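# Examination of the molecular architecture
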Amino acid sequence: MAKVLVLGGGFAGVVAAERLAEQLGDDHQITLVSRSRQFVFYPALVGVAFGKVQPADVSFDLRHTMLNRRINFIEAEVARIDPLERNVTIAHGEVEGKLGYDYLVFALGRRLATERIKGFYEHAHHLLNIDKALKFGKAISKFREGNAVFGQCPDARLPVPVYETAFALARLLEERRTRDSVKITIVSPGTIEAELGDLTAAAALRKSLAAQQIDFLPNVSINSLTEKSAMTTAGDGIDFDLLMLVPPFRGSSAASYVGITDADGYINVDSTMRVADQKRLYAIGDCVNLDGPKMGHMAVRQAEVAAANLAAEIHGHGPVSHYQHETEFVIEGAGGGDSLYVHKDLWADQPASVRQGRFWSWAKRVQKSCWEVSHL
Ligand SMILES: Cc1cc2nc3c(=O)[nH]c(=O)nc-3n(C[C@H](O)[C@H](O)[C@H](O)COP(=O)(O)OP(=O)(O)OC[C@H]3O[C@@H](n4cnc5c(N)ncnc54)[C@H](O)[C@@H]3O)c2cc1C
């Protein structure tokens, strides 16, 4: 019997645990550990902020869902892993102390490095959990006029909700017939081309932004915030009345000091999702050292690859699956036919496949419903 520990109850951890339960017999034990028993469907949080989706519709109870799939669930905070001793230190929760394992899947996501932007906690809204999305939603409902500024801080790797927030606000202001009272600006530490990874996709998005009179300021590195202004490393100040920023990302601190990460704390993996130079250790999702944006569909695909290879390893075989690093996302537009679909192989020198139209907004909502139905 093998004891498999999966750390993290997000897209990566949940899918890895589910696939392992499908591929391993009853004699193997699968345990999922996460700090909260709530799974959150993050791509719907812009909808939560704008009151289009209820919080109850974007989360579900992990313990219940995992039990149905023969997976033990432990609600607990992971402090660190020790791949040499093959154990995990639990800081607090339903268990405390050390949990041993035969195989470990690390899927604890990214850390929000808000401490790198002075004043972030006090002055910026963000959308990285349900409570913060609701708080941002309250600010939106009170916001009537002035400057709305949305964007990514340096090292943030999540452009999609920034654009979706700008389009959603433009749509809301049109409905309120107050669009002329608000200037909407997107700030980026890079360019649209870099954020989307493709020239055709960037051109399509620029056109949609221009149609909604949304300004885009490239190469803006925000390094501190005051109550009304975002300060940049170039010494400029960007005034705001409403601010939503994606904070800098870093790897999970539970993997620090083990010698398995890059300088930003992301875990080094190969294409089988095994941690480089380690035995019986896999890492998947936002926590791994792969370039480009950090996306849920990548986490899901990596989980499938890791589960297939781990099951093969337990059965005494070599790797059977390899991860291909592709980005695929939908940016919901302001309405009409401007929702944008982009699919690109990040390891091949090929242009992206780009589509635009009302269908893609619908497809994104259907994807959320399918995920819900398959996990209730
Ligand atoms: C607003 C928003 C919109 C997005 N839109 C899209 C989109 O349109 N398309 C797309 O593909 N992706 C999108 N994403 C990105 C996507 O949600 C992430 O890439 C995905 O959630 C990563 O999955 P993960 O399992 O690696 O990490 P996470 O989902 O972050 O899961 C990590 C899990 O580990 C738990 N955890 C962390 N640390 C500890 C610890 N120390 N101890 C115990 N448990 C711990 C967390 O509670 C969580 O359950 C969006 C994200 C946000 C925030």
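Residue positions are given per chain, counted from 1 along the sequence in the order it is written. With pLDDT at 70 or above as the cut-off, local features in this predicted model cover only qualifying residues; side-chain atom pairs require 80 or more to be listed or tallied, and sums for whole chains, interfaces and linings still use all residues. Side-chain measures were taken over the full set of non-hydrogen atoms in the model, leaving aside hydrogen atoms and water.

## Digging into the site of the ligand
As a structural note, the neighbourhood of the ligand is formed by 29 residues, with Ala12, Val78, Asp286, Gly296 and Lys364 the closest of them. As used in this structure description, the phrase polar contact means that two N or O atoms lie within 3.5 Å; if the pair is within protein, one of them must be able to donate a hydrogen and the other to accept it, and residues adjacent in sequence are counted only when both atoms belong to side chains. At 3.1 Å from an oxygen atom of the ligand is found a main-chain nitrogen or oxygen belonging to Phe11. Ala12 places a main-chain nitrogen or oxygen 2.9 Å from an oxygen atom of the ligand. In this description, accessible areas are obtained by the Shrake-Rupley approach with a 1.4 Å probe, and a residue is regarded as covered only by the protein chains that are shown. Here the ligand loses 93% of its free accessible area of 1000 Å² to cover by the protein chains. At the level of elements, helix H1 (11-23), strand E5 (72-82), helix H6 (160-176) and helix H9 (296-314) are the ones that each hand at least two residues to the shell around the ligand. Under this grouping Gly is polar, as are all residues other than the nonpolar Ala, Val, Leu, Ile, Met, Phe, Trp, Tyr, Cys and Pro and the charged Asp, Glu, Lys and Arg. Here the shell around the ligand is composed, by residue class, of 15 nonpolar, 8 polar and 6 charged. When at least one non-hydrogen atom of a residue lies within 4 Å of a molecule or strand, that residue is treated as near it. Working definition: helices are DSSP H or I runs of at least four residues, strands are E runs of at least two. Numbering for both runs from the N terminus.

## Focus: the sheet that holds strand E16 (residues 242-246)
Taking strand neighbours across the sheet as the criterion, the 4 strands line up as E12-E11-E10-E16 in an open arrangement whose pairing is parallel. Each edge of the sheet is formed by a strand with only one pairing partner; in this case those strands are strand E12 (214-217) and E16. The sheet shows a mean angle of 15° between the axes of neighbouring strands, direction not considered. Summarising the sheet, strand E11 (residues 182-187) and E12 pair through 4 bridges and their orientation is parallel. Along E12, the bridge assignment pairs Val187 with Leu217. Whether two strands pair depends on DSSP finding at least two bridges between them. Think of each axis as a best-fit line through the C-alpha atoms, taken over the contacting stretch in the case of a helix, with angles from 0 to 180 degrees between the N-to-C directions.

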